[in-house]
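Structural overview
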Amino acid sequence: MELRARGWWLLCASAALVCCVRGDPASKSRSCSEVRQIYGAKGFSLSDVPQAEISGEHLRICPQGYTCCTSEMEENLANRSRAELETALRDSSRALQTMLTTQLRGFDDHFQHLLNDSERTLQDAFPGAFGELYTQNARAFRDLYAELRLYYRGANLHLEETLAEFWARLLERLFKQLHPQLLLPDDYLDCLGKQAEALRPFGEAPRELRLRATRAFVAARSFVQGLGVASDVVRKVAQVPLGPECSRAVMKLVYCAHCLGVPGARPCPDYCRNVLKGCLANQADLDAEWRNLLDSMVLITDKFWGPAGVESVVGSVHVWLAEAVNVLQDNRDTLTAKVILGCGSPKVNPQGAGPEERPRRGKAVLPERSPTGALEKLVSEAKAQLRDVQDFWISLPGTLCSEKMALSTASDDRCWNGMAKGRYLPEVMGDGLANQINNPEVEVDITKPDMTIRQQIMQLKIMTNRLRSAYNGNDVDFQDASDDGSGSGSGDGCPDDLCSRKTSRKSSSARTPLTHALPGLSEREGQKTSAASCPQPCAFLLLLLLSLALAVARPRWR
């Protein structure tokens, strides 16, 4: 009797186990009904869904138990899961890109406003203060401001040379205007130019403007370029497609629980993290250089303050120009005597007016621009936001899992672990490509990094080096190695009148293209641009040819 009872208990236990694993017919039907609702909500045809569970030998991604998914359903859901993850990635990247673009436009507008206000003040004050000395040379001043804008917006100009040429041209023109009674041929003006450094006709203003402007403008433009490069990197990385192994892993993570008749089971948190760490392994490798770039951008904002800071210098260019013309007028007679001593007595112009006929005007005293607090607010907001996104790339898997994947909040033994409801045992992988060698969810080839992302890592390095040089007051050549011509105004950005005037003093090769044009150059400045730079494929081809040439020329040892 006892033996019969024990056998009956074992039979019941076996039956209960079968019911737990396979479910009774009624539960099968309910499970597939839930799958029908989910599948239909995704926009797929309900005719694909079986009425009850079927054998799962046909499944290629999900575990091959009893299932509510046909082969076509599995393929459709795999494509949908990949598309949903790519959408989530683009949404996260778009939010970051929008923040960076908003910051860029805020700083760009402020710096442009400073320079525009300076030029407007000059145009208002100089005609009354200097009369014909300004009105007959207004274009020279306009050209200076135009070239300062070009430099700020990315033109590969040498700012010190640009300022030196401006002072040289201005000296020639003003000296001729101050001495209309003299004949001053080109060779005499050349002699005047050679003595200018010793004569210091404009006093200390040119030197002060050179020292301050070079530091201020390089700090302003490198910071804004840094925001532009960061935004470009985010945009291009967001376009990197997910690999096939990632697609399989995401399908298993998101929809295989539905196929196996447990649609209410949500993914285990560590399981989700391992899947996305494998899928986004290359993106995580951006982390180190991304942090370096943002740290350098925060650091360069220290150069926005003080007497030589961006706020004071960019908005007060007209102050040094006024001081320079004042000094030239005050020391006119002394300067003339020294020039005659060094270059000889020029011939008298019989048709020229005498110097006494030109009335002497008063000095132009222009106050420096006072800070308004607008830049301080911009910098404060930028620092906070840049610090918030420093860990963007390595935190992306966790962020997507918590915000987009509807993770389980139940106990560990009730979440979806990729095979069934239960505890997820594997440890969570580290960040980056090299740490995915033993990823249990995504097969990652750590020997084949994504080349698009490697190019963006190099872009970050280049921009970081530029910012570090700018912090020390130095400018470095910066070639935009982008794989497309997406930057607005990515040509030489040189107006025809400036280029033609520049060519008369320099060779045509001296005008180089925009190194990293800021957004909106064409719309705001209305300048003609041309594709003067060699595109990236051309650069790669040149490097390849050079490598082949070196290989042929290298001696071969036998």
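The rules behind the values
- Residues numbered from 1 in each chain as written.
- Predicted model: local features only at pLDDT ≥ 70, side-chain atom pairs only at ≥ 80, totals over all residues.
- Heavy atoms only, no water.
- Core = buried A, V, L, I, M, F, W, Y, C linked by side-chain atoms within 4.5 Å.
- Buried < 20%, exposed > 50% of the residue type's maximum accessible area, 1.4 Å probe, protein only.
- Helix = DSSP H or I, 4+ residues; strand = E, 2+ residues; numbered from the N terminus.
- Disulfide = S-S within 2.5 Å.
- pLDDT = per-residue confidence, 0-100.
- Contact = heavy atoms within 4.5 Å.
- Axes fitted to C-alpha atoms, helices over the stretch in contact; angles between N-to-C directions.
- Parallel < 35°, antiparallel > 145°, perpendicular 65-115°, else oblique.
- Nonpolar A, V, L, I, M, F, W, Y, C, P; charged D, E, K, R; others polar.

Side note on the nonpolar core
A general trend in soluble globular proteins is that nonpolar side chains are found buried together. F107, F111, W290 and L321 are the most contacted members of the largest nonpolar core, which has 142 residues in total. Ranked by the residues each element gives to this core, the list is headed by helix α3 (residues 71-130), at 18 residues.

Section: the state of the cysteines
Counting across every chain of the model gives 6 disulfides. The side chain of C268 participates in a disulfide bridge whose partner is C415; the two sulfur atoms lie 1.9 Å from each other. Negative torsions about the S-S bond denote left-handed disulfides, and the value of about 90° found for C268 with C415 makes this one right-handed. You can see C268 sitting in the loop between α10 (256-259) and α11 (269-279) and its partner C415 sitting in the loop between α18 (392-404) and α19 (451-471), a full 147 residues away along the chain.

A few points about the confidence of the model for the protein chain
Of the residues in the protein chain, 75% have a pLDDT of 70 or more, and the chain-wide mean is 79. Segment residues 478-515: pLDDT under 50, and 94 contacts once partners within four positions in sequence are set aside and those in other chains are kept.

Focus on the environment of P185
Within the secondary structure, P185 sits in the loop between α6 (159-178) and α7 (186-199). You can call P185 partly exposed: its relative accessible area is 41%. A sequence separation of 162 residues divides P185 from K347, and the C-alpha atoms of the two residues are 9.5 Å apart.

Some details on the packing of α3 against helix α9 (residues 244-254)
Direction vectors running N to C along α3 and α9 enclose 100°, while the axes themselves pass 8 Å from each other. Considering the angle they form, α3 stands roughly perpendicular to α9. The residues of α9 that touch α3, namely those facing E74, L77, A78, S81, R82 and L85, are C246, S247, V250, M251 and V254. A breakdown of the residues in the contact of α3 with α9 according to their chemical character gives 7 nonpolar, 2 polar and 2 charged.

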